[in-house]
Amino acid sequence: MKRPLFIASLVITAIVFIYLELFLSEYLMDYSDSFDGSEIILSGIVTDKALKKDYLGNFTTVVYITPFNTSIGKSKYIALNLNADEPRLPVIGESVKVKGRVCLFSSARNPGEFDTRLYYATLKIAYEIKNAKILKRDGKENYVHEGLFVLRSRLERVLDSCLNYDDAAVMKAILLGDKAFMSSKVKELYKNNGIIHILAVSGLHISLIGMGLYRLLRKGGCKNFAASMTSIIIMYLYGQMCGMSSSAFRAVFMFAIRLLAPMAGRTYDMLSALAISEIMLLVDKPLLVYNSGFLFSFGAVLGIALVMPSLKLLSAKTSNPLKEKLRFADDPGDPFWKTVLEKTGASLLVSVSVFLVTLPVYMSFYYTYPVYSIFLNLIILPMMGPIMVIGMCMIPAGGLFPPLGTALGSLVHFILWIIGLLCSITGKIPGKTWYMGHAKGWKIWMYALLLCLFLLLWDIETDDGVIQKLKDKLGKDFEKHLRFMDAFRFGILALALFVLIINPSYGLSITMMDVDQGDGILISKDGSNILIDGGSTGKKNVGKYSIIPFLKYQGVGTIDAAIITHEDLDHISGVLEIMDDMESGGIRISTLILPDINEKCRGENYRKLQERAEQLKIKVKYISCGQTVSFRGVSFLCINPAKNMITDGANAYSTVLLMKYGSFSALFTGDVEEEGQEHILKDLRANKELFKELTMLKVAHHGSMYTTNEEFLDILRPKIAVISCGRNNRYGHPHGELLRRLEEKNVKVYRTDKNGAISINVRKNRMDIRTMLSVK
């Protein structure tokens, strides 16, 4: 492979990644806790602005400024969420003085959770300012960039006039790169079916619009240079109008090289153009190596340009180059069915090639793979050309003659309806999602090396000089050699996939997730999973943003049993979200285990869990004192509540479980207190041998001083204690008095408010404790 620029880009990417793994903190500026939420005044120049939707569904304008005389490390921008009563938006290029409240981006506190801080760092955005009020502006303007912003707004209004709200939102994303108006339901539908990429402005847009414009200019008599430069400039402005994402920059740059190369007397090479665009992006934004959009965009092109040719059999390619039948002008063409099969096979080969390159990206960012996306894309991708052409015709038609725009909008609606229908159908097919889990770094590196070896062997064996030497040397055995090399190469590819995908589990794993003020514990052993609680009152949509991502990270597609200790919202809100997600084919709960209490004590939330389980055909079981649950050599003994227990408070009837696995033992206590705690103490006093020398204690009720008393600790003598509580929560959990009791008993304490998620792995009677965050 004589492509020095491409090889150089691979080397540079590897160096950048290794450097960042060692010195990432240099790019993530640490601010003091007091800075977060503080009121500040700063000045800067407006570089961009966009419409965003907040978590309540309200639209707000976000303005990005490059600050003057304000240290933001290696970042470049600050995002301003303007006050709702701001009378006039600033224009791009204008210098402004603003006042507002600092809001720092949060880091991930659980494995699999979206790292907002790192994501915005990849875009060089340091932090945001809420309720920003403009105090002063100088009135200057960057006419080009402000004009592009105004143009996009006007084009979006035309789309609104020609389409219904949902269709207009999708077309704004497809044509203009603006996803702000899309509903979360439609985004999830596209994402879960593996077609979210159709919403990104990328190569399809640039080739369709750019090459169409170039050919139109050439047919109109424009000289090559003028046609090329005009097309490149317009495509650059189009990319800027659409936000110039990494995929848009790559496509625009490669388009420019495609037109300029012949004028310079050079042959266009896709891999070399790709390499230069990647180097340029990484020089400006090195943290893009942690950006999934960047990796998917470049990975897809690599798959098509580099991997796809190597998936062909050597024996079919080189054994007899004259096997193709000679065709004459008056020969009949191939039958229609054969043409369809050939095109389908070629498209399928493209999908597989992209899959092989992007699989590590899926395992690093999403942890699942939409199985049927390979086939779904065969149908949907051919629709994108027509829908884009119709959409681009609809905009001027809608502006000049609205009835024609509406008519074209009907065609767009029909195509989008078909796409939605196909997604809905595949979403109902069993096994639509492959829960791969995360891949460790060494696995990804090993996969990459083996894939490179697979490609290198192809490159060597298809070299004309090598082929001729082999033919001369092997003679009749040449065909046999090719078949052997095919088997050997694809054996290496199979080994690469095996190394990346197979994640054998060893021993017992317990993870207390950081759900803020609430509880959520996952216990896994040999592919079986038990969830104890899952909820929060301190984090909105904790299931969607924390629990479900963590389960996907662990490769959990089925929860064998969800044990609910009691019905308080901070223990069940996320479980209800998992149940809601089940309806659209998400993670499944096989069995729901509830405390077996008196009917009079079963409140609204308790009955809601029962009803949702019945609707979703989840088996419901009830547990009480003395009963056991066992799986994969792990046993749970219930020591609370008493069967048919009657109590005024939900905390008192919390399910309390003593877990045993070899010499490891743990006590999970929910929020038990009052008469429930007294009931447990009676059991402890009567069975001291059963409970003594406890390995791990899950401290009850988030570290409340009214639980886990002196006698309780004297009997248990736990080695470690874990506490689930929210940062700076209004209850003051964990209480100082409780912490002092644990300290006096020499118990090592781990807290989710300090440590983030806490993972305990037990293998061959050895315990390894890891936390998501290091305590400063």
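Let me sum up the structure you'll find in this document. Computed from a predicted model, the values in this text were never measured in an experiment.

Turning our eyes to something else, we now look at the overall build of the chain. Looking only at helices and strands, the chain has 25 helices and 24 strands in total. On C-alpha atoms alone, the chain measures out to a radius of gyration of 30 Å, which is about the 28 Å that the 2.2 N^0.38 rule sets for 776 residues. In terms of overall dimensions, the chain has C-alpha extents of about 95 × 80 × 50 Å along its principal axes. The 776 residues of the chain split such that 49% are buried. Restricting to contacts in the chain with at least 6 residues of sequence separation, those with at least 24 account for 72%. Taken together, the 90 basic and 74 acidic charged side chains of the chain have centroids lying 6 Å from each other.

What follows is about the packing of aromatic side chains. Throughout the structure, instances matching the rule amount to 21 aromatic pairs. Pairing Tyr119 with Tyr120 gives two aromatic rings, centres 5.2 Å apart and planes at 80 degrees, and the pair type is edge-to-face. Site record: aromatic cluster; members linked through ring pairs are Phe296, Phe355, Tyr362, Tyr366 and Tyr369. The ring of Tyr27 has Lys74 sitting right over it, with the charged end atom 5.2 Å from the ring centre. The ring of Phe181 has Lys172 sitting right over it, with the charged end atom 3.7 Å from the ring centre.

With that settled, consider the environment of Asn755. Mapped onto the fold, Asn755 is located in helix H25 (residues 752-755). For the pair Asn755 and Arg137, spaced 618 residues apart in the sequence, the C-alpha separation amounts to 44 Å.

Between helix H4 (residues 165-176) and helix H13 (residues 373-400), the least distance of the axes is 11 Å, while the angle of their chain directions is 100 degrees. On the basis of their axis angle, the class for H4 and H13 is roughly perpendicular. Residues Met171, Ile174 and Leu175 of H4 form the contact with H13, whose participating residues are Met384, Ile387, Met388, Gly391, Met392 and Ile395. Taken together, the residues of the contact of H4 with H13 sort by class into eight nonpolar, one polar and no charged.

A few words on helix H6 (residues 203-219). Here H6 spans 23 Å end to end across 17 residues, near enough to the 24 Å set by a 1.5 Å rise per residue. Those residues of H6 that sit buried are His205, Ile206, Ile209, Gly210, Met211 and Tyr214. Where H6 is buried, its residues touch H4, helix H7 (224-241), helix H8 (246-263) and H13. Taken from the residues just after H6, Gly221 is the one with a positive phi, measuring 95 degrees.

To continue, consider the sheet that holds strand S18 (residues 656-661). The strand order across the open sheet formed by seven strands is S16-S17-S18-S19-S20-S21-S22, and the pairing between neighbours is mixed. Since the sheet does not close on itself, it has two edges, and those belong to strand S16 (628-631) and strand S22 (748-751), each with one partner. Neighbour-to-neighbour, the strand axes of this sheet turn through a mean angle of 20 degrees, independent of strand direction. For S18 and strand S19 (residues 664-668), the ladder comprises five bridges, and the chain directions are antiparallel. Of the residues in S19, the one forming a bridge with Lys660 is Ser665. The sheet strands contacting helix H21 (residues 675-686) are strand S17 (634-640) and S18, and the helix crosses S17 at an angle near 120 degrees. Along the sheet face, helix H24 (residues 736-744) touches strand S21 (720-723) and S22 and points at about 165 degrees away from the line of S21.

Summed over the entire model, instances satisfying the criterion amount to zero disulfides. The closest cysteine sulfur to the non-disulfide-bonded Cys242 is located on Cys393, 17 Å from its own sulfur. Residue Cys242 is classed as buried on the basis of its relative accessible area of 8%. Cys625 provides the cysteine sulfur closest to Cys638, a residue in no disulfide bond, and the two sulfurs are 6.1 Å apart.

Attention now moves to the layout of surface pockets. Taken as a whole, the second largest pocket encloses approximately 310 Å³ of empty space. For the second largest pocket, the lining is made up of 15 residues, of which Leu155, Ile209, Tyr238, Met241 and Met392 are closest to its centre. For the lining of the second largest pocket, the element with the most residues is H7, which contributes five residues. Residue composition of the lining of the second largest pocket, by class: 15 nonpolar, no polar and no charged.

This part is about the nonpolar core. Soluble globular proteins tend to pack their nonpolar side chains together in the buried interior. Counting residues in each nonpolar core, the largest one holds 57 residues, and the members touching the most others are Met171, Tyr190 and Ile419. Where this core is concerned, the elements lending two or more residues are helix H3 (143-162), H4, helix H5 (184-192), H6, H7, H8, H13 and helix H14 (402-427). The greatest single-element share of this core, amounting to 10 residues, is contributed by H13. Once you skip the residues sitting within four places of it in the chain, Ile419 turns out to touch Tyr190, Ile195, Ile380 and Met383. Val16, Tyr27, Ala121 and Ala439 belong to the second-largest nonpolar core, a separate cluster that totals 46 residues.

What follows is about a positive patch on the surface. A surface patch of like charges, here positive, comprises Lys52, Lys53, Lys179 and Lys187. Tracing the backbone shows Lys187 in helix H5.

Further remarks concern the pattern of salt bridges. A full pass over the atoms with the stated rule returns 27 salt bridges. One salt bridge connects Lys49 with Glu146, and the closest N-O pair in it is separated by 3.2 Å. Remark: Glu146 occurs in helix H3 and Lys49 occurs in strand S1 (residues 39-53); sequence separation between them is 97 residues. Each of the two residues, Lys49 as well as Glu146, counts as buried. The partner of Arg602 in a salt bridge is Asp596, with the nearest N and O atoms 3.4 Å apart. Taking the relative accessible area as the measure of exposure, Arg602 reaches 10% and is therefore buried. Taking relative accessible area as the criterion, Asp596 reaches 13% and is therefore assigned buried. Among the charged side chains, a salt-bridge network with shared partners connects Asp596, Glu599, Arg602, Arg607 and Lys643.

Criteria and cut-off values
- Residues numbered from 1 in each chain as written.
- Predicted model: local features only at pLDDT ≥ 70, side-chain atom pairs only at ≥ 80, totals over all residues.
- Heavy atoms only, no water.
- Helix = DSSP H or I, 4+ residues; strand = E, 2+ residues; numbered from the N terminus.
- Rg over C-alpha atoms; globule rule 2.2 N^0.38 Å.
- Buried < 20%, exposed > 50% of the residue type's maximum accessible area, 1.4 Å probe, protein only.
- Contact = heavy atoms within 4.5 Å.
- Lys, Arg positive; Asp, Glu negative; His and termini not counted.
- Charge placed at Lys NZ, Arg CZ, Asp CG, Glu CD.
- Phe/Tyr/Trp six-rings, centres within 6.5 Å; stacked < 30°, edge-to-face > 60°.
- Lys NZ or Arg CZ within 6 Å of the ring centre and 35° of its normal.
- Axes fitted to C-alpha atoms, helices over the stretch in contact; angles between N-to-C directions.
- Parallel < 35°, antiparallel > 145°, perpendicular 65-115°, else oblique.
- Nonpolar A, V, L, I, M, F, W, Y, C, P; charged D, E, K, R; others polar.
- Expected span 1.5 Å × (residues − 1).
- Pairing = 2+ DSSP bridges.
- Disulfide = S-S within 2.5 Å.
- 1 Å grid on protein atoms, 1.4 Å probe; cavity = no way out; pocket = protein on both sides within 12 Å on 5 of 7 lines; lining within 4 Å.
- Points joined across faces, edges and corners; volume = space filled by probe spheres on them.
- Core = buried A, V, L, I, M, F, W, Y, C linked by side-chain atoms within 4.5 Å.
- Patch = residues over 30% accessible without salt bridge, like charges linked within 9 Å, V, L, I, M, F, W, Y side chains within 5 Å.
- Areas by Shrake-Rupley, 256 points an atom, 1.4 Å probe, with all protein chains shown as cover.
- Salt bridge = Lys/Arg side-chain N within 4 Å of Asp/Glu carboxyl O.

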